[in-house]
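# A structural walkthrough
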Amino acid sequence: MNALAGKHIVLGLSGGVACYKSAELARLLVKAGATVQVVMTEAAERFITPVTMQALTGRPVYGSQWDAREPNNMPHINLSREADAILIAPCSADFVARLVQGRADELLSLLCLARPIARVPLLLAPAMNREMWAHPATQRNLAQVAQDGATVLGVGNGDQACGETGDGRMLEAEEIMEELAAFFAPKRLAGQHVLITAGPTFEAIDPVRGITNLSSGKMGFAIARAAREAGAEVTLVAGPVHLPTPRGVRRIDVRSAQNMLETVAGQAQEATIFIATAAVADWRPANAADQKIKKDSSGQVPQLSFVENPDILATIAQSERARAGQLYCVGFAAESENLLAHASAKRVRKGVPLLVGNIGPATFGQDDNALLLIDENGSHELPRASKAELGRQLVTEIARRLNTSS
Ligand code: CTP
């Protein structure tokens, strides 16, 4: 289950153009299984209507501390007591200043002040013009609200509604969802440094051609996201894929198997867990041409010969740190048949404590998958689910194995 399922989120909107993104955010929260109670300031209602937010969340929006719909006429108490978290998105410069002062003259500030501070976290997604963001008053206020217990999410960089370019845009709805999921997820991998390979490799034939495979990188990216949610420091070494980098994850792009090995070997010095999901090309052309190979009139086709690529997983699994128990190695096996037998043999051959089998043709490029976990005690199936969900389950399984072995 994702960390947001069943959570009750008070989504507060203060005034700003970024209010248009909050509609999408509300939709994503509901889709993730959260209930969403929207509270809007008067300024927010100038940018987006409560009708939109009510329709998306299925709940009437609150905007006034004098709301007579509440039998006790205390929406600030009732709304803040039932929340698992209060998320202000967008959080304007003015609203940050109000929080700093502990103002209570309109509902949203009032309920932030009235929230049980030890139990109900307050998260802020700031949104403002770059000069307002950079102003010492704003930065001072942000430092103060953080010291007072709020979690200040970052801001985006880019074109702003005012025509200027710089820091201060509100994070995209998807990015706020990632931050929120990470906030709620149990920190099962706190203190761990996870190194992950993902995607295909590309082996050049000449400067414009090469051989590769159909791996999309989605499983490795999902594991990277889940490991970061679980509190790990994550380095993702990615072959050529078209996927956005999960928030908070350090990504290093590589192309060939040899590039991937060099990068991984360096990064593995710092890692405590290595997860090899990449579909590394087994062979590469023996001699890549420096210039584009041209057709000639003879009708002759070029003859390619191949050499074997290094086995990245086996190399790392044999390293000193892995053998000393300082680096826990997890392999993947992409098979097309006899999953249990092939994957069990591969686990032994690669010398890893945990191997994760999946049926390659059924998973490449898909958003879901089914996994078979094989370790020295036998096998265990993680039934078909989204790769995001399987990533979280795999992280839990790895954390459990690490905790029982330490
Ligand atoms: N792997 C690797 N380097 C390679 C080949 C594979 O690191 N040169 C890793 C993969 O990332 C995966 C595991 O080894 O974690 C198994 O990959 P797979 O392609 O299933 O197996 P192969 O070793 O290529 O064996 P075979 O082709 O015989 O199935």
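Residues numbered from 1 in each chain as written. Predicted model: local features only at pLDDT ≥ 70, side-chain atom pairs only at ≥ 80, totals over all residues. Heavy atoms only, no water.

### With respect to helix α1 (residues 19-31)
Its 13 residues place the ends of α1 19 Å apart at the C-alpha level, agreeing with the 18 Å of an ideal helix rising 1.5 Å per residue. Within α1, burial applies to Cys19, Lys21, Ser22, Ala23, Leu25, Ala26, Leu28 and Leu29. (Helix = DSSP H or I, 4+ residues; strand = E, 2+ residues; numbered from the N terminus. Expected span 1.5 Å × (residues − 1). Buried < 20%, exposed > 50% of the residue type's maximum accessible area, 1.4 Å probe, protein only.)

### A few points about the packing of α1 against helix α3 (residues 50-57)
The N-to-C vectors of α1 and α3 enclose an angle of 15°; their axes lie 9 Å apart at closest approach. By the angle class used here, α1 and α3 are roughly parallel. Crossing hand, α1 versus α3: right-handed. Contact with α1, carried on its side by Ser22, Ala23, Ala26, Arg27 and Val30, involves Thr52, Met53, Leu56 and Thr57 of α3 and no other residues of that element. A per-class count over the contact of α1 with α3 returns five nonpolar, three polar and one charged. (Axes fitted to C-alpha atoms, helices over the stretch in contact; angles between N-to-C directions. Parallel < 35°, antiparallel > 145°, perpendicular 65-115°, else oblique. Left-handed = near helix turned anticlockwise from the far one by under 90°. Contact = heavy atoms within 4.5 Å. Nonpolar A, V, L, I, M, F, W, Y, C, P; charged D, E, K, R; others polar.)

### Section: the sheet that holds strand β11 (residues 233-238)
As summarised here, the arrangement of the eight strands in space is β12-β11-β8-β13-β16-β17-β18-β19, forming an open sheet in which the pairing is mixed. The open sheet is flanked by β12 (250-253) and β19 (378-386), the only strands paired with a single partner. Direction aside, the axes of adjacent strands within the sheet are offset by 20° on average. Taken together, the three bridges between strand β17 (residues 354-359) and strand β18 (residues 368-375) define a ladder with antiparallel strand orientation. By the bridge assignment for β18, valine 356 is matched with leucine 373. (Pairing = 2+ DSSP bridges.)

### Overview of the nonpolar core
Leu11, Leu13, Leu25, Leu29, Met53, Leu87 and Ile176 are the most contacted members of the largest nonpolar core, which has 36 residues in total. The dominant element in this core, judged by the number of residues it contributes, is α1, at six residues. Excluding residues that lie within four positions of it along the chain, isoleucine 176 makes contacts with Leu25, Leu87, Ala89, Ala125, Leu153, Met170 and Leu171. One finds Ile223, Ala227, Ile273 and Ala385 within the second-largest nonpolar core, a separate group that totals 35 residues. (Core = buried A, V, L, I, M, F, W, Y, C linked by side-chain atoms within 4.5 Å.)

### Re the site of the ligand
Looking at the ligand, there are 15 residues lining it, with Ala276, Ala278, Leu313, Lys346 and Lys350 nearest. Alanine 278 places a main-chain nitrogen or oxygen 2.6 Å from an oxygen atom of the ligand. Lysine 350 places a side-chain nitrogen or oxygen 2.5 Å from an oxygen atom of the ligand. Compared with its free state, where it exposes 560 Å², the ligand has 79% of that area covered by protein. (Near = heavy atom within 4 Å. Polar contact = N/O pair within 3.5 Å; in protein donor to acceptor, adjacent residues only side chain to side chain. Areas by Shrake-Rupley, 256 points an atom, 1.4 Å probe, with all protein chains shown as cover.)

### Overview of the packing of α1 against helix α9 (residues 173-184)
It is at 9 Å that the axes of α1 and α9 come closest, and there the two elements cross at 45°. As far as their axial angle goes, α9 and α1 are oblique. Remark: the crossing between α1 and α9 carries right-handed chirality. Where α1 abuts α9, its residues Lys21, Glu24, Leu25, Leu28 and Leu29 lie against Ala173, Glu174, Ile176, Met177 and Leu180. Its residues placed into classes, the contact of α1 with α9 shows seven nonpolar, no polar and three charged.

### What to know about the domain arrangement of the protein chain
Taken as a whole, the protein chain is organised into domain 1 (8-184) and domain 2 (193-283 + 303-405). Placing the centre of domain 1 and that of domain 2 at their C-alpha centroids yields a distance of 38 Å. Taken together, the contact pairs six residues of domain 1 with five residues of domain 2. Of the roughly 580 Å² buried at the junction of domain 1 and domain 2 (both faces included), carbon and sulfur atoms supply 39%. Among the residues domain 1 hides against domain 2, the three largest losses belong to Glu178, Glu179 and Ala182. Together they make up 73% of the total. Here domain 1 is connected to domain 2 by four salt bridges. Arginine 247 is the partner of glutamate 179 in a salt bridge, and the nearest nitrogen-oxygen pair spans 2.6 Å. At the boundary of domain 1 with domain 2, the tally comes to four residue pairs in polar contact (both at pLDDT 80 or more). (Domains from an automatic or database assignment. Buried area = accessible area lost by both parts, 1.4 Å probe. Salt bridge = Lys/Arg side-chain N within 4 Å of Asp/Glu carboxyl O.)

### A word on the pattern of salt bridges
It is possible for side chains of opposite charge to pair when their charged atoms get near one another. Counted under the stated rule, the structure contains 24 salt bridges. A salt bridge links arginine 98 to glutamate 106; its shortest N-O distance comes to 3.6 Å. Per residue, the accessibility class of arginine 98 equals that of glutamate 106, and both read buried. Note that arginine 401 is salt-bridged to glutamate 397, the shortest N-O span being 2.8 Å. Highlighted residues: arginine 401 and glutamate 397, both in helix α16 (residues 387-405), separated by four residues, approximately one helical turn. You'll find arginine 401 and glutamate 397 in the same group, each marked buried.

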